[in-house]
Amino acid sequence: MNKVIIAFLFLIGILTTSSCTTSKSVVSQNVDLSKYEYASIINNDTYHIPVQLMEYEIQLYDAIEGSRLKLVNDMRINELTPIQQSRLLMVKYGVDVLKEESVVTVNFIDYLTGRPIASCRGAYTTLGINVTADIRGAIKRVAKQIAETFPK
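Residues numbered from 1 in each chain as written. Predicted model: local features only at pLDDT ≥ 70, side-chain atom pairs only at ≥ 80, totals over all residues. Heavy atoms only, no water.

**Student:** Now, about the packing of aromatic side chains: what can you tell me, with residues and values included?
**Tutor:** Two aromatic rings are characterised by how far apart their centres lie and by the angle between their planes. Following the criterion strictly, the structure yields 1 aromatic pair and no others. Taking the centre distance of 4.8 Å and the plane angle of 55 degrees together, the rings of Phe-108 and Phe-150 count as tilted. In this pair, Phe-108 is assigned in strand β5 (residues 102–110) and Phe-150 in the segment after α4 (131–149), connecting sequence segments 42 residues apart. For Phe-108, a relative accessible area of 0% puts it in the buried group. For Phe-150, a relative accessible area of 0% corresponds to the buried category. (Phe/Tyr/Trp six-rings, centres within 6.5 Å; stacked < 30°, edge-to-face > 60°. Helix = DSSP H or I, 4+ residues; strand = E, 2+ residues; numbered from the N terminus. Buried < 20%, exposed > 50% of the residue type's maximum accessible area, 1.4 Å probe, protein only.)

**Student:** If you had to explain the nonpolar core to someone new, which residues and values would you point to?
**Tutor:** If you look at the biggest cluster of nonpolar residues, it comprises 24 residues, and the most contacted ones within it are Val-106, Phe-108, Ile-117, Ile-146 and Phe-150. Mapped onto this core, the elements with two or more residues apiece are β2 (38–41), α2 (57–65), β4 (88–97), β5, β6 (116–124) and α4. Of all the elements, α4 adds the most residues to this core, at 5 residues. If sequence neighbours within four positions are ignored, Ile-146 has contacts with Ala-63, Ile-64, Ser-67, Val-106, Phe-108 and Cys-120. Counting residues in hydrophobic clusters, the runner-up holds 8 residues, among them Tyr-38, Ile-42, Met-90 and Ile-109. (Core = buried A, V, L, I, M, F, W, Y, C linked by side-chain atoms within 4.5 Å. Contact = heavy atoms within 4.5 Å.)

**Student:** Kindly report on the side chain of Asp-134, identifying the contributing residues and their values.
**Tutor:** In this structure, Asp-134 sits in helix α4. There is no salt bridge for the buried Asp-134, and the closest opposite charge comes from Arg-141, which lies 9.0 Å off by N-O distance. (Lys, Arg positive; Asp, Glu negative; His and termini not counted. Salt bridge = Lys/Arg side-chain N within 4 Å of Asp/Glu carboxyl O.)

**Student:** Outline the pattern of salt bridges, supporting the account with residue identities and numerical values.
**Tutor:** Applying the stated criterion across every chain, the model contains 5 salt bridges. In this structure, Glu-79 engages Arg-76 in a salt bridge whose closest nitrogen and oxygen atoms are separated by 2.8 Å. With its nearest N and O atoms 3.7 Å apart, the salt bridge here joins Glu-101 to Arg-121. With Glu-101 in the loop between β4 and β5 and Arg-121 in strand β6, this pair connects stretches of sequence that are 20 residues apart. Each of Glu-37, Lys-70 and Arg-87 takes part in one network of salt bridges that share partners.

**Student:** Tell me about α4, and name the residues and values.
**Tutor:** For an α-helix, the turn length of 3.6 residues means that residues three or four places apart are oriented alike. Here α4 spans 27 Å end to end across 19 residues, near enough to the 27 Å set by a 1.5 Å rise per residue. Buried within α4 we find Asp-134, Ile-135, Gly-137, Ala-138, Ile-139, Val-142, Gln-145, Ile-146 and Thr-149. Elements that come into contact with the buried residues of α4 comprise β1 (24–27), α2, β4, β5 and β6. (Expected span 1.5 Å × (residues − 1).)

**Student:** How would you explain the sheet that holds β2 if you had to name every residue and give the values?
**Tutor:** Spatial strand order, β1-β6-β5-β4-β2-β3: 6 strands in an open sheet with mixed pairing. Each edge of the open sheet carries a strand with a single partner, namely β1 and β3 (70–71). The pairing of β4 with β5 spans 9 bridges and is classified as antiparallel. Residue pairing across strands places Gly-94 opposite Thr-105, the latter belonging to β5. Along the sheet, α2 makes contact with β2, β3, β4 and β5, crossing β4 at roughly 140 degrees. (Pairing = 2+ DSSP bridges. Axes fitted to C-alpha atoms, helices over the stretch in contact; angles between N-to-C directions.)

**Student:** Account for the pairing of β6, naming residues and giving values.
**Tutor:** Here β1 pairs with β6 via 4 bridges, running antiparallel. Counterpart to Ser-25 in the pairing with β6 is Cys-120. Two elements, β5 and β6, share 8 bridges in a ladder whose sense is antiparallel. Of the residues in β6, the one forming a bridge with Thr-105 is Arg-121.

So this is what it looks like as structure tokens:
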């Protein structure tokens, strides 16, 4: 009987913890996302992935390419026409690896106005059992959010 109660409480704990791990997107109400065609990832000292997570940076780029947005190198933005620049989003990302879960956030900012227009969040947890799996899962979930926010 005690084993059943312990198993039940353990199950409730897992369900409570996993219910906090949500992936979602937030989009500004006053923005037409269909006008955007290009994305440029901000790649400076402020928005750099930690060295120990560098292998996952490729997956973050893949996540953006999985949408309809075309990647533009930040060094080539000035080569875009003014019309193309008006369809450009700057991309900032962050990775937060905690014992409880890993969270990857990708923010999209209008190039001309500097206004944030969308934020996609991917979260995943193995309850601290496998951090590598948590990061991979969070990246897959943020990729899904990006693809849903900017569908092909």
